[in-house]
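Residue-level listing of the chains:
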Amino acid sequence: MLISEDDALARLKVGDLVALPTETVYGLAGLALQAKTVRKIFELKGRPSSNPLIVHVNDVSGAKNLAEFNDLAIRTCKIFWPGPLTIVLPKKDLIPLEVTAGNQTVALRAPNHPVFRGILDRLKQPLAAPSANPSNRTSPTTAAHIAELFGDKVPPTVDGGVCTVGLESTVLDLSSDRPTILRPGMITRKDLQLALGEEVLLAPHIIQGIDKIYQTTGAQSPGMSDCHYAPKTPLFLHAGTKQLLESAELSREDLIIVCTAEEKNIIEQKDFSCLALSISGNGEEIAHNLYSVLIEADKKKSRRLHLIFSQKPEGQNRAVFDRLNKAAVRSII
Ligand code: TXA
Ligand code: MG
């Protein structure tokens with residue numbers, strides 16, 4: 001059901017959940033300071049209670065009573081907020097442990113979308129908001145995606161158009177000595193290092209995720225147990241058109257997803273069904289289209305999805321690769 005901003009505000013005030021647009025993906029929002037409401041978010045998403053939520057605010061002043069800000073955190077927010085960057089800091093008592101999955105840190109973000117910002121402004125309270133999808137499934141970048149993903153459990157949704165970024169925020173841990181990226185996003189390690197003048201680390205799980213794929217050709221990666229962002233149709237990753245076309249895995253009932261117009265040409269010449277994530281292979285364009293193409297691909301009810309990703313997993317493509325790696329049942333890169 002689509003609702004107005006006024007209706008969303010009224011529902012949020014009484015502890016109900018609504019789906020709201022952000023510039024990254026749509027969020028399933030509820031009052032962050034109310035444990036009962038936070039539990040409803042976990043329940044509707046079917047999310048394990050061990051996976052903490054991001055708390056959304058409009059600016060640093062709205063976050064200072066929620067977390068212990070250090071100088072670097074203040075500097076980071078001045079540069080990157082509002083925008084697709086989440087920071088992790090030691091939490092203050094006001095934040096319920098339900099939000100942080102029992103951790104003593106809290107993730108904070110100021111989204112850059114007029115609808116979300118307008119609601120935060122009028123509500124004068126922070127909102128917890130994970131991506132508005134059932135746990136492990138593809139994240140929504142339009143209001144229609146939310147209805148498709150949740151079926152009869154769809155939360156009331158404010159339609160704010162297509163999300164401009166299309167991929168979840170970069171998560172940066174600023175709670176310890178060294179700034180560390182926990183989830184890659186469109187704000188890259190290089191962007192952060194240049195702006196902050198400090199070395200920024202990548203969490204070991206990000207490096208291992210990429211290494212694993214490049215070292216274990218044809219091996220299971222990653223296990224279905226840590227499957228995330230996944231379409232219902234099994235998704236396989238490939239390093240190039242040649243490898244895929246020569247692969248015994250490929251059948252006529254499969255759908256192929258590519259990153260460039262050139263790859264699309266090659267695939268269509270061989271008479272396979274094909275969807276393209278971008279024309280040029282540019283990371284920003286691929287990220288913007290990724291989830292909507294995966295959701296569209298799922299509707300075609302193919303036997304399998306094969307995605308050709310020949311880009312280097314660096315810069316903005318690192319974030320795309322991170323999501324693909326988790327969404328795929330198997331990678332043949
Ligand atoms: O772009 C986004 O960040 C979107 C929009 C709606 O704002 N939200 C989003 O939320 O992607 P979610 O719940 O799907 O992902 C939150 C991520 C998870 O990887 C979670 O583990 C991490 O943030 N996270 C949350 N709190 C944390 C904490 N205290 N320490 C470390 N990681 C945390
Ligand atoms: Mg999510």
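Quick caveat: nothing in here was measured; it's all calculated off a predicted structure. (Residues numbered from 1 in each chain as written. Chains lettered and ligands numbered in written order. Predicted model: local features only at pLDDT ≥ 70, side-chain atom pairs only at ≥ 80, totals over all residues. Heavy atoms only, no water.)

### Overview of unusual backbone geometry
Residue P82 is bonded to the preceding W81 through a cis peptide linkage, with omega at -10°. The residue P82 is located in the loop between α3 (71-80) and β4 (85-90) in this model. (Helix = DSSP H or I, 4+ residues; strand = E, 2+ residues; numbered from the N terminus.)

### Concerning the environment of S251
Relative to the helices and strands, S251 resides in the loop between α9 (241-245) and β11 (255-258). Residue S251 is classed as buried on the basis of its relative accessible area of 16%. Residues S251 and R304, 53 residues apart in the sequence, show an inter-C-alpha distance of 8.5 Å. Excluding anything up to four places from it in sequence, S251 contacts F272 and R303. A distance of 3.1 Å separates a polar side-chain atom of S251 from the backbone nitrogen of E253. (Buried < 20%, exposed > 50% of the residue type's maximum accessible area, 1.4 Å probe, protein only. Contact = heavy atoms within 4.5 Å. Polar contact = N/O pair within 3.5 Å; in protein donor to acceptor, adjacent residues only side chain to side chain.)

### Quick look at the packing of helix α6 (residues 143-150) against helix α11 (residues 283-299)
Running from amino to carboxyl end, α6 crosses α11 at an angle of 45°, the nearest separation of the two axes being 11 Å. As summarised for this structure, α6 and α11 are arranged oblique, according to the angle between their axes. With respect to the hand of their crossing, α6 and α11 are arranged in left-handed fashion. Listed contacts from α11 to H145, E148 and L149 of α6 are S292, I295 and K299. (Axes fitted to C-alpha atoms, helices over the stretch in contact; angles between N-to-C directions. Parallel < 35°, antiparallel > 145°, perpendicular 65-115°, else oblique. Left-handed = near helix turned anticlockwise from the far one by under 90°.)

### Comments concerning the confidence of the model for the protein
Taken as a whole, the protein shows an average pLDDT of 93; of its residues, 94% reach a score of 70 or greater. Confidence drops under a pLDDT of 50 for residues 216-225, and excluding neighbours within four residues, the segment shows 21 contacts in the predicted structure. (pLDDT = per-residue confidence, 0-100.)

### Topic: the packing of aromatic side chains
Taken as a whole and judged by the stated rule, the model has two aromatic pairs. Residues Y229 and Y291 carry aromatic rings whose centres are separated by 6.2 Å and whose planes lie at 20° to one another, so their mutual orientation is stacked. With Y229 in the loop between α8 (204-215) and β10 (235-238) and Y291 in helix α11, this pair connects stretches of sequence that are 62 residues apart. Here Y229 falls in the buried class, since its relative accessible area comes to 10%. Under the relative-accessibility criterion, Y291 is labelled buried at 0%. Relative to F321, the ring of F309 lies with its centre 5.6 Å away and its plane at 35°, an arrangement referred to as tilted. Of the two residues, F309 sits in the loop between β13 (305-308) and α12 (316-327) while F321 sits in helix α12, which places them twelve residues apart along the sequence. In terms of burial, F309 and F321 fall into one category: buried. Taking NZ or CZ as reference, R252 lies 3.9 Å from the ring centre of F272, over its face. (Phe/Tyr/Trp six-rings, centres within 6.5 Å; stacked < 30°, edge-to-face > 60°. Lys NZ or Arg CZ within 6 Å of the ring centre and 35° of its normal.)

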